[in-house]
Each structure stands twice: as structure tokens, then as C-alpha cells.
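# Structural description and commentary
What follows is each chain in one-letter form.
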There are 2 protein chains.
Amino acid sequence: MTKWVYTFGDGKAEGRADMRNLLGGKGANLAEMSSIGIPVPPGFTITTEVCTYYYENNHTYPADLKEQVLTALKEVEEKLGRKFGDEENPLLFSVRSGARVSMPGMMDTILNLGLNDKTVIGLAKKSGNEKFAYDSYRRFLQMYADVVLGVHSSLFEKVLDRVREENGYQFDNQMTVDQLKEVIAEYKEICDKEGKPVPQDPFEQLWGGIGAVFSSWMVERAIYYRKMNNIPETWGTAVNVQAMVFGNSGDNSATGVCFTRDPATGENIFYGEYLKNAQGEDVVAGIRTPQPMTKIVKERRGVDLPSMEEEFPETFKQLDGIRHTLEQHYKDMQDMEFTIQDGKLWMLQTRNGKRTGAAALRIAVEQAEEGLIDKKTAIMRLDASALDQLLHPMFEKGAKRDVIAKGLPASPGAAVGQIVFSAQDAEKAKEEGRKVVLVRVETSPEDISGMHVSEGILTARGGMTSHAAVVARGMGKPCVSGVPGIKIDYDAKTLTVGDLVLKEGDMLSLDGSTGEVIKGAMKLVQPEMTGNFGKFMSWVDEVKSLGVRTNAETPMDAQAARNFGAEGIGLARTEHMFFDPKRIIHMRQMILSTTEEDRRKALDKLLPYQRQDFIDLFTIMKGLPVTVRLLDPPLHEFLPNKREEQEEVAKELGISVDVVRARTAQLHEANPMLGHRGCRLGLTYPEINEMQARAIFEAAIEFSKKEGVTIEPEVMSPLVGSKKELDIATAAVVKTAEEVMKEAGVQLKYHIGTMIELPRACVVADKIAETAEFFSFGTNDLTQTTLGMSRDDAGSFLPEYVAKGIYEKDPFASLDQEGVGSMVKMAVEKGKSTRPNIKLGICGEHGGDPATVKFCHNIGLTYVSCSPYRVPIARLAAAQAEIENPRKK
Amino acid sequence: MTKWVYTFGDGKAEGRADMRNLLGGKGANLAEMSSIGIPVPPGFTITTEVCTYYYENNHTYPADLKEQVLTALKEVEEKLGRKFGDEENPLLFSVRSGARVSMPGMMDTILNLGLNDKTVIGLAKKSGNEKFAYDSYRRFLQMYADVVLGVHSSLFEKVLDRVREENGYQFDNQMTVDQLKEVIAEYKEICDKEGKPVPQDPFEQLWGGIGAVFSSWMVERAIYYRKMNNIPETWGTAVNVQAMVFGNSGDNSATGVCFTRDPATGENIFYGEYLKNAQGEDVVAGIRTPQPMTKIVKERRGVDLPSMEEEFPETFKQLDGIRHTLEQHYKDMQDMEFTIQDGKLWMLQTRNGKRTGAAALRIAVEQAEEGLIDKKTAIMRLDASALDQLLHPMFEKGAKRDVIAKGLPASPGAAVGQIVFSAQDAEKAKEEGRKVVLVRVETSPEDISGMHVSEGILTARGGMTSHAAVVARGMGKPCVSGVPGIKIDYDAKTLTVGDLVLKEGDMLSLDGSTGEVIKGAMKLVQPEMTGNFGKFMSWVDEVKSLGVRTNAETPMDAQAARNFGAEGIGLARTEHMFFDPKRIIHMRQMILSTTEEDRRKALDKLLPYQRQDFIDLFTIMKGLPVTVRLLDPPLHEFLPNKREEQEEVAKELGISVDVVRARTAQLHEANPMLGHRGCRLGLTYPEINEMQARAIFEAAIEFSKKEGVTIEPEVMSPLVGSKKELDIATAAVVKTAEEVMKEAGVQLKYHIGTMIELPRACVVADKIAETAEFFSFGTNDLTQTTLGMSRDDAGSFLPEYVAKGIYEKDPFASLDQEGVGSMVKMAVEKGKSTRPNIKLGICGEHGGDPATVKFCHNIGLTYVSCSPYRVPIARLAAAQAEIENPRKK
């Protein structure tokens, strides 16, 4: 018999923390907490296997589930001495989802389950608080009707609005018992009218709730969240059925959400928010402004609401103890939910807390220094892509800020963009290439995709644990929430602060670390790579075995990459050096020449520029390896297409515009990606490669003389498909090297290598390696050719491909490991079979993608090369790959 | 000690026929002939290994070569009782090249080696023919100076021209001894002036001759010929040093070239040409019009020169006997050279004769029927690509022919094209896409590349064994040679026959089978596939195991392919059916629609056309398998690009031209080959596939009902990269199949398959085969993606790639077996691992290339599919592959 149900409570549990695949994160932690003596309301968890069964069997349950649930339910009744559906002393339940990983705000929850027209009377009597009982019943009806039966909650809100208006109430809790009873009657009418009455039978309620949780696994926003976070659909969710405890049963009750450390900054203080006489949903939903946990935070923030430390000093002490117990037990920062019912503390949940990149870094470093975890664990704690937010620009220090309002610093970082007022508008703007700040009263799960494409998020309402704040921190987006004094008009599309009216499209800057809302576009500057960051990255470098280089050809990029810890240049694209206005004319002259002699004349003019480029790079890199790629793009990319520009070029070169036009037409290609480019150019015009080689070698010699540091330039040919092609393509390089060395009377070591970016090159890599001393995988082009997919054109169908799961992720962002990865693996094996010590790198965009970096580590590459800003991420991913799959002895 | 030299002569030989790799074809056959008692002038062969040594060791010889040559030379002296360099009774040598395969006209030859100022006197005395001796010396000097020393022969021709003019001579042999001596003196002066005197020392002459032969292996025209015929450079040539015999020593002497069967038609008659009192070079060079061998040929041709049968009846009988001996011995048609010196017959050479496709077919069939060879040998005798010429069109029977001249039917077949007068002009015309007939006085090896690109060749001079005739037959090009009465003026670029003057660019037709030269452009018709052809192809089909289908979608092509023996359709490109003017408007309407509903409306109009297309194909194919490919090209291919056409379309569809322009712009792609096409279309617009599937299945049901023949349509998706993609792309097909079957109340078997044309598809072929019942390798696109090379754009660099040997052949014509072939092999292995009985085909252009067909046989494909005209070639190649590497038990 399969065990579908696991009980917990009263210092015992059938489950454990390591059973999260079966029980979900929440269920496993409830069991674990219960086992270690934390006060947890008793309950039981229905396993994720039931979810799988449910979807595989046409939305039905295993035959023996019912019996197991009833047995577990009886156990809870016995533990608490109350009975489910009992009219005198009713037991109420919450029903919550809980997947293997946390999906905040994604899954539906039902509270107060077990209330009906009769048990509500029992609850009122037993609690001695009629208003609390009827308010609970009202909440239950509304929630159940919405979540389980699909009655739109706006219908119920209208009723509340009317009652509030008629009575001049500001809050719902001002309603009298009679008014609540009236509301309940109207709620029932609404449901009847919709043909969806809320069942009176508590067991029917229970099964309805369980079914709703399982169903919520496949709602659109859950699917979107999973896709965004790479969570497989097959994992499923568990269902947690737990005895209700009430934070809203009076003024000696409260409910809150807290963290063992500050999830925004990582500081080791007790952090969180609570609300007196409220249910948990009230805190998270951001409708009331919550109170701080501690006096310190209260003072720091200048909040005038009392802290829990002041209002509930004893319970606070107990909770602070639990905070330490849980962090020591789980060895990670915890995100906890608690409720105080009539002075008694109950822990509802604990889980590893979501945190900003900055907090993740600080917590990992400090926990390692405290001895709570070791360095390797600290390294594993940082999500490689979360590190990204630490590398993002901040506002210039000391720059004038036109601060128009100040809210909570909900997610750190700086954001600048045009104002938009809806997720849809944000997505539209993204498509148009505009950067936006999403401004909302509050956010809901429907807004997630819009938040994802925004630079930052501003919400008028909500606390530090509001939906907007939690999601933004997870995404690494700057967020300011709960800003007093601002008005948002969705219809007029305006944001008003006092007299100031900002419209859609106006520029706005947000400082998510201070909560400042700033008018206009602030200038962004680079973050500093010191302190905890420097410490952490030094641990990373101790661990990793995979090298990390950068793709750079400008001194600025090269310097940035060095600052980020790049260990050399893996790809210097020489053609980028030709687009400078002073140089492009010579390039064009070269292309428009009809004889080799004339081409050489034009190239001679480019030589000094290109030589200086390399001297600059070598100087910045101070002897670290530099791989230079010979000219790659088709020549027509250098010629102007517009008539006026063509005339200008013709004039400047003293030739007829017809010549320019004719040459442009001649160079036109049907599929330039597969055309006359790469080493094919050097085959036709060896003089180009000769010039480039001369610039490289002369620069290397000059640099070595001046700096006294030896450099061994690595020269590589693009788009090679066979050994013979590489031999011919690099013949000019080898010849020039000999010449330059002879002229300078100096010996210079250099290396000949090749891009591997064609499937054919992978197939014959063993032969290519006879000549090539190194391979650099050009996974951009290799993806294009292996998949037969043009990066420039894929926009019209690739999103659908990802949506339909044909490719798990955008194959141009994260390496298609099954397809392109297999080609790379083949080339690695073949290359090593000929030249066991061959140097192997990757220099496509994928080199900065953590999943790809791990793949590269696992197949034995020597290094990855990525854009400067991705260098720290690649270093981290490399270290994590080493920890997961050690290469070092 | 390596044996570098092999002797032969006097009924003995150190070599054998099967040593052609070492001795070359000529050397091996001289040895073989000598062994079986054929009268061969004694001599020796220097092996091809010496050639290899020569090129690997900076043009030097092995140390012991000299001694071996001298020993062999002594043996010849002893056999003939004459001495090399002897002033009384001098022995003279010919020095000839001889590679593993015959390279006619490619290699240099030196005759009369051993003559000098003293030995010429001895020769005169001994032969009693002073004029012959001095003429031989003159010839020797001219040839040696030209071939060995590089003195341009025009300098010598000038001397001869002057002497002829001064004396009113028509031929050189009219010169007196004194005039010859004068000429010799002038020749020597010319050489001295050039600083290149011909050595007097016979041994110096000999080594000069040997060196010249080895050097000639690397001259440009030899390299070109090898490339054209796929002969590796490493084979090298042997050198044959053989005692001279003289066909020009008087009227009882002669020389000739003959074949055991007619090399133009294959008829079993003694065929050839000879010249009295001449050297062999005179026959081949085409300067004098040679005489026929037999009375029959003489009568048939209406020649008024006596035949050898009449002039030398006894020797003719002996030669005819040798003809039979040699063909029986070699079991193939022989091409022989002979010389009669003073009434004695000497065989100089025998080799397998070059022949036209028609002759090859007839000889193979007749030899098999005679029992000389078996059927498999007959099949191997036909070069698969030579069969091509039999499939070429001929002139309509009975059509009026404006015959302006008649020459020798040197190479059969019909040619129509514009007149050009040089190989350069022919090549230029080819580049411009014009078809030409090359008209020359006579051709030389320098003309080969021009002949290659011409439709046919016309030479004013030369016989059936002239350079033009031999080369044209090898190429399968129609050729008419030796046309009396026509004048060619290279400067004026005119061809004059009587009063008629044809200019460059005028249309001319040639009938290479009758020798007729026809004014204007004749209409071409298809050859009949009966008689020997039918018999031969039936043998082919008995042998082969690989299936041969065709790529066809029009009834005309399908019918042609059936006539050529296609066993089904391997690729019906449905998009080709949309370009008909009646249909394209609906297609455009579909593309310009913005809603699925509108698209469906437009598609509904296309449905009846498409259904009828398939009914037609099924009817022609009579139940043979038909593979239909779903829509493949990007949609913009169906939209007009010109403003006027866009306006027309807009008008016809009643929409604004801006809509047409906007949609066209929207569909524009940077790299359409890698864009929104193939199964990607069906993913975006499943309704297109639904319509196509409906047409296929409705047609299949209607056809089956009408014809009572079951058809199982094979539906395939293009550009598939993964299993999931194929599943989604074909979901519409499966759904439609169910619908159509339900509607018709009929069960229909059908097969789902896929093109394999992306490297990624090869990599994941095992998974794709879970869904796909068959693979069809689209090697056009697979070549483009594997090589990263656009077929449309490769023209600017691919010729250089082939010239530099990066690709052995054009990879779009003959499969790049190392690169693309490896991908195909991988996919075959992976596909079979999942589905052992998976049907495997190829439908790229390569399917009709013999080398590719053999490759497909060897890796275990089920069938190849090619254009209708390539079907017989593919069948032959398949049979040859089976013989070489049997699959059938």
C-alpha cells in the first residue's frame, strides 16, 4: 500500500526535511520543525505523488487516499481535542499548496475550512468572539468561492465596498456582527446566482480545497513561473492540511512573516513584519501597512507603529529563540510564518528565505566566517545568475537626486526607465526596445511577466514582504514599495506626488537600496568589486579549475573585464576595430579596390591603427593570453547601403558612385551568414590576414620590449571547416610571423588555432587539431548551423518554440546541450585524440551562461570566454561546477 | 635493393598486366603483350615509384637508378644487335610517359632519341635512306628542344614554313636531303641562340628525356586533366624507354591506331586509321587525313584513300589476328598502336579503349552475350556518369535539317548552341549561362576546359582519333571533326562554308552520330530506352539492392521518371504546385490574411488543386510509394517584390498595396535559408498542413477507389530538429488523417516521416525515430548547414575551394562524404538503434551522383531519390555498388 499521507504536530512527525520531493518544501519543513520541538499546528501532508497520479489519471485520486486522509484527520482531532465539523467545538483547517521549491504567490490557499452555518455558531461560542467567528466565515466563503468554485472575487468586494460606504468605514474590521451576517447572506446569494454554492458539508469543503490546490498547479501563472525558474512540470505539488490557528481572534493575537537575517541586505538582524489581530494573508497581500519586528528596525526606519519586541515582549523572545534554532538547524537563512493566537505562538512555516543577490553574498560570506557553513557551501549558496544584480550599475555617488518620494527599499539596485502602468505596456515597450519602470498600486501574480521585462518596480502600497517585493528580489530587479503620498491613476496613466504629475513615458529613476523615487533619468555607474564580493570571489577562484576569459577588443571592455577578474582575452574581434570613422574609409577603399596592389595600399593605412589596438590590449592584459580572431564578417557589412552615404564614400575616395553601388550589389548575398566570410575571406584576399598578422606580431614585439613581459599571441581563423582550409587560411599568418621576426631580429612564440563553429569542423576536429593548437567554440554560429536557425530571423518563431517546449530555453542564450552540446563534445573528443593537450575554449554568448559554463567544465574545456559583465558569473558557475563534479585532484 | 627498371621484348618481360600501378598502363601492357608473344619493340619501363621519389626528393633520382637503366639498355642492345650511340648501327629510343590510367595527349613524348651528328650518318647508311635519317634527326631536334629544353616550337615551324614557301612545297616530306641538312643547321642555331643546345651525347639525351617525362606530370594541363578525372597526384607516371621502329622509313612502312571494336558505336568491326610512311604522332595529331583500316569502313564512309586491308593485305591479316588475341586476352575492347617498318609489324601499345557511352553500352552487352564477360563485369564496364550521354536528347527524327557541311562522326549525340571560336570564349559564355558550340581548326590540350563547358565541338581538321575526337568521347560531348570545305577565321570570328558566313553567336547544331553540321537551332528530343539499353538496365535491376526513386511533383516529370525506371517518388515538393498562376493568388491571399479564419478560406480554394495534383501523381505511380513533403520555403517567396506586381496583387485581392508591402517587409529575412520555413511554418500555421494533409488523404482514398490499387502515402516534414518538433508539426497531419478517414468511412494506411537536413536532426536521430517511420536525407540543406555554406552565395569562393583541393569536388554536386557523409552515417546508426526497420532515403541533388549513390548503398540506405534524368545513372551506380560491396545474400 502506498503511503499518500504524512502526519505532523505535537513534537512528532512522519516526514523529515529531506523528504521535500515527496512532501514539498513546506510539508517537509513542517514535519522537520515538529520533530525538533517547534510549536507547529498539527496537520498532515498529501504527497506530490498524488498530484502526479491526479494528472495522469484524468483528475482522479488513488482509491485508498480517502481512508488515509480520514485517519490522519482523526489524529489531528485527537491532538487538539476538537472535531472537524463539530457544532460545539469545531476544528478548522487551512489547505495549502507546497511544491518541491517555493513558488511564492503562485499557488492557491484556502483558510478556515470547516466553517458552515452551524459550526460558525460553535466557533463563536467557544472563542467567545462572535465577530471573529463571523468574520472568519465571511473570509472563508469568499476565498472558497473564488479559489475552489471560480466565482469572481470582485462580486464579493462590491458588497464590502457598499457596506463600508454606507457606514463610513475605512476597514472591514469595523463591521458589526449583524453587518457580517448580512454580508454572509449576500455572499451566499451571489454563489447561488452563479450556480456555485459553497458546500455546507465540511468534508465536501475539504475535498474541494484539496482539488483546488492540485488544479492550481496547472494555472497559467504557475506554468509561467515554472518556465521562468526552470521547474519541471512533473514535480507536482503536495497539499498541506493543517489545523487553523487565528491571528485575528483578538488583540492578543497577531500574525507575521519574518527572516532570520535581512533578506534585502543580508545583515544579521531579526527581520520581518507582523500585524496584530490579522490573518497571514493580510501581511503578504500588502493591504495594511505591517509593523516591524524589532525596536532597531523601527528606529532605523523611523516607523511610528510599535514593534513586536514592544507589543509582545515574551512571545518575541520565544520567537527569537526559534529563529536561532531554525537557522542553526537548517544552516541557512530562514523565512518563517508565525501566528499568535490568544498569546500562544505557532510556527506555520519555515523555508530557506529568498534574498537579493547582495543579501545572498553577505549571508554566505558571514555564515562561512561564523563557521555555520564551509566555503564550498557558501559558494553553492549563490545562484550564479543572482550575482548578476551585484554587477549592475548603481547611481553615481554624490550625484544630485531629484527625490520626489520615498518608500520601502524593497529590492536593492538602481533602475532608470520610462513609466508604464501595466504589465502589458511593459512587455510592449520591451518589444520596442524601450526601458521601463513598472508603476502599480500593488502587484499580483498576473504582473510577473511584466515585472520581468522592467528595469524596476514601484508600488504605492505593500511592505517589504509584499508580492512586489518578494518577486522583485527573486528576479534581482530594483523595487520600491509602500510609498506614502503617491497617487496612481490607471485610466489617465498618471503618477501624482503632490502637485507633480508624471505621465506614461516620463523618465523615472528608482533606488531600491534606499527606497528613493527620483524624477528623471539618473546616470548609472559601476558597482565596486570589493568587501564581501572580493572575499567571496577569491574563494571562488581558489575552487574553480575552468579558466574564465573575456570577449573584448576595446580598451574599455578589456579593462572592465580585468576588473571583473578575467584571466585573459578569449576573443578579440578585429573587425570591430575597423568601424571607427578614421578607419572605415580605408577599409572601404580596400574593399572597392580591384587589384591586390590597391588593396595592399589601403591595408597599409589600417596597419598602424590595428597595431596600436593590439598594443593597448596587451598592455591592459599584462601578459595574460590574448586570442585574436582574424577578419570574420562578409565585406558588404563595411559598405554603406544608403544612396547618400554611397555618394559620400565615392566622393571621399574619388571614384564614381556607380563603382560603389556595383561593388555593393556584387557583394550582396542571399544568406550572408553562410556566405563569403570567415577564413573564406583570407583565402581570397590573403593580404588582409597578412596585415592583421603583421599588426599582431609587431605589437607583441613592441609590447614585450617596452614592458619586459612576454606575450604569446594566439591567432585564430573563423569559420574553418577542414584542416586544409585552416592550413591555407593561416599560411599568410605563418609567413608574416617569419617576416616580422626576421625584421625585428627577435624570436616570438605564437599559437595558431581555430574557431570551431561549423558542424563540419566538429566532425573533422581530429584532423583540424593536427594544425590547430587550440579550439575556440563559436557557439553562436554553431547554434545557427546546427539548428539551421538564423539568430536574426528566429524572433518570428523562437518564442513559440520555447513556449511549446521544443527548446527548453532560448538556444542562443543557453547552450542547446542535447544538440549543439553533442557537437561540441564530439569535437572535444576528436581534438584530444590527435592533440591530447589541446587548449579548448568557448567564446560564444553562451560563455557567460551559468548552465553552459557548467557544461563546459564537465566536458573538459580549458576556459570559457564571455562579455566583461558576465565574467564574475562565469567564475562562480565554474567554481560550482568544480564542487559538483571535481576535476582538481 | 629496389627494382626501379623492368625490361620487355623478344617474347619475354619482367612485368605483367596486373602491375599497372608500378609500371603504368602502357608499361604493364607492353610487358604483357611481350609475354604472350605479340611483337613488341624491346625496351624497359622505369617505375612510377621513381616518379614519387623524384617529387619527394627535390627532382632527383634514386642512387641506383642509373645502373639499372644501363643494364636494361644493354639488354635491348643485345636483343636487336644494335648499340645506343653507335656510329655505324645506332639504336634509337622513344621515351614515353605512362600513368596508371591513360591520360591521352596529356604527357610528353620524345622520339628518335640517340640521334646526333654522327649517328645520323650511321642511320642513313644502315637504312640506305638518307632522307629518312635526316628527317628523323630534324624531328628529333625539334621535339627534344621543345619538350625537354623548352624552346618554343613556333621558332622551328617558321624555318619549315620558309623552306616550304621558297620551294613551293605542300608537305615537309617534299624536302630534299640538303634542305633537311640546312634546316638542321638552322635548328641548332636557334637552340644555341636560346642558350639551350640539344646535347650530342645520347646518354645525356636519354636522361633529359626521362626527366622531361617526369616533369610533365606536373604541367598545368596534366593537373587539370587529373582533377577533371579524379586521378590522384600521388599515382605518378612511369617512363617507357623503347627501341624505335619507324613507320616513316619508306613506302613499305606505316603507322596506325586501331580499336578491336568501333569506339564510337561499339560495333564489332576492326576499326582504326593509319598513315603510310609516317610516324605515330602524325596520326594522332590530325595533321594528315589518315586512311581506314578495312574495306568495309572505306566503303561505308565513301573514302577514296586505300585501306590497310588493300595496301598491306598480309600484315593486315596478322594485325587482325593480334586484334582477336588481345581482346580475348584482356576481355575488353583494345586501343592499339602499331608500326610497320619495312614490312615488319610492331605493336607499340595496347590499352582498354576509350569509348562513347553508346559504344560502352553496346560492347558491354555484346561481350556479355558472346560469353567473353559475365553480366556483372558488363555492369562494371559502364561508367555511371558515361550513361548520362545516352540519356541526352537527340534531334527529332525526320525534322528538316539545314545541313551545311559533313565531317567525321567523332563523338555521338546532338548539340545546339551559339558559335564560339576559343576555349576562353566558351568558358565566358558558360558563366553567362549561354550554351555554345566550340568551333576550332583543331583542338589541343589547352582547349580542354573550354570543351568541357561546350555543348559540342566542331573541328575543321583531324580524324576519328584526333585530340578533339578522343577527348570529346571521353567527356560524352558530341563532336564532328575533319570537315572538308569549311574555313575558320579566328580573327574575324567567322566560319565560312562556300558563300555562307556564320559569325560568333550564330546558332549551330551538330549531329555527332552522323557528322552533320546544321545551321540554326534544331529541336532536341528524348532518346528511347529500348534495345541494348533496356537489356542492360534489366541486368542492373537484377543486381542492385538499393532502391531508386525520383524527385518529382509534376505529372510530366513523374512520367519521365517512370519511363527511366524510377521505383516511386522520394520527394514531391508541394510548394512547386502553388506557383501556377491560377493558384498563386490564393496562396498570396493566405499569406496576407491576418486571421486563421481568413487563412483557412484561402487554403480551401487551394485544396481542390492540390488534391488533383496528388491524384495525378498516384495514378502515374500506380501504387508505387509516393513521399510528399509538406510546405517548405519561407512565405515571402510567394509574394511579389516589384512595385507593379504588388499593386496587381493588391488590386486582385481588393486590399491596399501598403498591406502587401508591409507584409512583404515583415516577412523579409536576413538569412532566409535559416529562417521561418520548413516545419516551422506548420507550427505557426497548422492550417496549412491540415489542408495539405487533407489533399493527400482525400486523393489517396479517391485514387484507391477508382484504380483498385492501395496507396500508403508517406508524409514528411522538412527542417525538423527534434522529436517534439516533429510531433507538433505532424499533429495536424494525424488529426486530419483521422477526420478524412472518418468522413470517407475508409481505413487508410499512411506513414509519418521526416527530412533529415539539419545537423541537430542527425545528433538526435534516435529520438526522432521514435516518431518518424522514415528518414529522407535532405543533403542540399544538410550540406549548407554542415559546411555553413549557402549554395546561392558559394559561387564567389567555392571554385577556389575546389581548385585548392579543400573540397575534392563541388560539395553541392557530389556529397562531401567526410563531413556531411559522417553526419548522415551518424543519423543512420542512431535512427536504426531506435527503429531497426526504419526506411532511409536521400532526396538531395546528390541522389543522382554516382559516388553518392555508392556511399548511400554502403551505409545501408533503403533508396536514393533523384531527378528523373538521373534515375538510370542512379540505378547503374546502385548495381555497381552492390557488386563492389554485396548486401544481398
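Everything numeric here is computed off the predicted structure, so don't read it as measured data. Along every chain, residues carry numbers that run from 1 in the direction the sequence is written. Chain letters start at A and ligand numbers start at 1, both assigned in the order the entries are written. This being a predicted model, a pLDDT of at least 70 is required before a residue's local features are given, and a value of 80 or more before pairs of side-chain atoms are given or counted; all residues contribute to the totals for chains, interfaces and linings. Hydrogens and water molecules were not included; the side-chain quantities draw on all heavy atoms of the structure.

## Section: the sheet that holds strand β10 (residues 271-276) of chain A
Residue and element names in this part refer to chain A. Note the threshold: At least two DSSP bridges between two strands are required for those strands to pair. Every helix listed is a DSSP run of H or I at least four residues long, and every strand listed is a run of E at least two residues long, numbered separately from the N terminus. In this description, contact between two residues means that some pair of their heavy atoms is separated by no more than 4.5 Å. Where helices are involved, their axes are fitted lines through C-alpha atoms of the stretch in contact, as for all axes, and angles between N-to-C directions lie from 0 to 180°.
Strand order in this open sheet of five strands is β11-β10-β9-β12-β13, and the pairing throughout is antiparallel. Among the strands making up the open sheet, the edge pair consists of β11 (291-292) and β13 (344-352). The sheet contact formed by strand β12 (residues 334-341) and β13 spans eight bridges and is antiparallel. Paired with Phe-338 across the bridge in β13 is Met-347. Lying on the sheet, helix α13 (residues 313-330) is in contact with β9 (254-259), β12 and β13; it crosses β13 at an angle near 30°.

## A closer look at the relation of the copies chain B and chain A
As a reminder, the rule being used: Least-squares superposition of the copies uses the C-alpha atoms of those residues scoring a pLDDT of at least 70 in each of them.
With an RMSD of 0.2 Å, chain B superimposes on chain A once it is rotated by 180° and translated 0.1 Å along the axis. One copy is carried onto the other by what is essentially a two-fold rotation axis.

## Some remarks on the interface of chain B and chain A
We apply this condition: Each of two parts loses accessible area, computed with a 1.4 Å probe, when they are put together; buried area is these two losses added. By definition here, a salt bridge exists when the distance from a side-chain nitrogen of Lys or Arg to a carboxyl oxygen of Asp or Glu is within 4 Å. Polar contact is the term for a pair of N or O atoms within 3.5 Å; when the atoms are in protein, one must be able to donate a hydrogen and the other to accept it, and sequence-neighboring residues count only if both atoms are side-chain atoms. When residue character is reported, Ala, Val, Leu, Ile, Met, Phe, Trp, Tyr, Cys and Pro are called nonpolar, Asp, Glu, Lys and Arg charged, and the others, Gly included, polar.
Contacts between the two partners involve 45 residues from chain B, matched on the other side by 45 residues from chain A. Together, Asn671(B), Leu674(B) and Arg760(B) form the three largest contributors to the area buried by chain B at its contact with chain A, with a combined 17%. Taken together, chain B and chain A are joined by six salt bridges. We note a salt bridge from Arg760(B) to Glu818(A), for which the minimum N-O separation is 3.2 Å. Where chain B packs against chain A, one counts 27 residue pairs in polar contact (both at pLDDT 80 or more). Elements represented by at least two residues in the side of chain B that touches chain A include exactly α26 (679-684), α28 (723-744), α29 (759-763), α31 (779-787), α32 (798-803) and α33 (820-834) of chain B. When grouped by side-chain class, the residues that make up the side of chain B that touches chain A number 19 nonpolar, 14 polar and twelve charged.

## Examining the pairing of strand β25 (residues 516-519) of chain B
Residue and element names in this part refer to chain B. Direction of pairing for strand β15 (residues 403-406) relative to β25: antiparallel, over a ladder of three bridges. Each residue of the ladder has a partner; that of Val-403, found in β25, is Ile-518. With four bridges connecting them, strand β24 (residues 507-511) and β25 associate as antiparallel partners. If you follow Leu-510 over to β25, its bridge partner there is Val-517. Adjacent in sequence and paired antiparallel, β24 and β25 are bridged by four residues, among which Gly-515 carries a positive phi angle near 85°.

## Description of a negative patch on the surface
All names here are of chain A. Rule in force here: Only residues above 30% relative accessible area that lack a salt bridge enter a patch, with like-charged residues linked at up to 9 Å and the nonpolar side chains Val, Leu, Ile, Met, Phe, Trp and Tyr linked at up to 5 Å. Note on areas: Shrake-Rupley with a 1.4 Å probe; residue coverage comes only from the protein chains shown. Charge counting follows a simple rule: Lys and Arg are positive, Asp and Glu are negative, and His as well as the terminal groups are ignored. The location of each charge is read from NZ of Lys, CZ of Arg, CG of Asp or CD of Glu. Only protein chains enter the accessibility calculation, which uses a 1.4 Å probe; a residue is then buried when its area is under 20% of its type maximum, exposed when over 50%, and partly exposed in between.
Residues Glu-644, Glu-645, Glu-648 and Glu-652 make up a contiguous surface patch of negative charge. Here Glu-648 lies in helix α24 (residues 643-653). For Glu-648, a relative accessible area of 55% corresponds to the exposed category.

## Considering the nonpolar core
Defined as follows: Working definition of a nonpolar core: buried Ala, Val, Leu, Ile, Met, Phe, Trp, Tyr and Cys residues. They are joined through side-chain atoms within 4.5 Å.
Membership of the largest hydrophobic core comes to 154 residues, with the highest contact counts inside it found for Phe536(A), Phe775(A), Phe777(A), Phe536(B), Phe775(B) and Phe777(B). Setting aside residues up to four positions removed in sequence, Phe775(B) forms contacts with Thr754(B), Ile756(B), Ala765(B), Ile768(B), Ala769(B), Ala827(B), Gly831(B), Ile838(B), Lys839(B), Leu840(B) and Gly841(B).

## Considerations on the confidence of the model for chain A
Here is the rule we go by: Note on scores: pLDDT gives the predictor's confidence for each residue, bounded by 0 and 100.
For chain A, mean pLDDT is 91; residues scoring 70 or higher make up 98% of the total. Both scores are available for the predicted complex, with the pTM at 0.78 and the ipTM at 0.78.

## Notes on the sheet that holds strand β8 (residues 237-243) of chain B
One key point about sheets: their strands pair by backbone hydrogen bonds, in either a parallel or an antiparallel sense. Residues and elements named next belong to chain B. An order of β2-β1-β3-β8-β6-β7 is seen for the six strands of this open sheet, with the pairing classed as antiparallel. Each edge of the open sheet carries a strand with a single partner, namely β2 (12-13) and β7 (109-113). Bridge count for strand β6 (residues 93-99) against β8 is seven bridges, and the pairing is antiparallel. Bridge pairing links Ser-94 to Gln-242 in β8.

## Considerations on helix α1 (residues 20-35) of chain A
Residue and element names in this part refer to chain A. The line we're drawing: Given the number of residues in a helix, its expected span is that number minus one, multiplied by 1.5 Å. One axis fitted to the seven residues ending at a residue, another fitted to the seven starting there: the angle between these axes is the bend at that residue.
Relative to the 22 Å expected for 16 residues at 1.5 Å per residue, α1 spans just 15 Å between its end C-alpha atoms, considerably shorter than the ideal helical length. Bending of α1 peaks at approximately 80° at the position of Lys-26. Counting buried positions along α1 yields 13 of 16 residues, so the element is predominantly enclosed. Backbone geometry just downstream of α1 places Gly-37 in the positive-phi region, at approximately 90°.

## Re the packing of aromatic side chains
Residues and elements named next belong to chain B. Selection criterion: Working definition: a ring pair exists when centres of Phe, Tyr or Trp rings (six-membered ring for Trp) sit within 6.5 Å. Plane angles under 30 degrees give stacked, over 60 give edge-to-face, the rest tilted. Charge-over-ring placement is defined geometrically: NZ (Lys) or CZ (Arg) within 6 Å of the ring centre, and within 35 degrees of the ring normal.
Tallied over the full model, the rule gives 42 aromatic pairs over all chains. Aromatic pair Phe-132 and Phe-246: ring centres 4.8 Å apart, planes at 75°, arrangement edge-to-face. One end of the pair, Phe-132, is in helix α5 (residues 130-147); the other, Phe-246, is in the loop between β8 and β9 (254-259), with 114 residues separating them in the sequence. We note that Phe-132, like Phe-246, is buried. Between the NZ or CZ atom of Arg-226 and the centre of the ring of Trp-217, over which it lies, the distance is 4.0 Å. A cation sits over an aromatic face here: Lys-344 above Trp-346, 4.4 Å from the ring centre.

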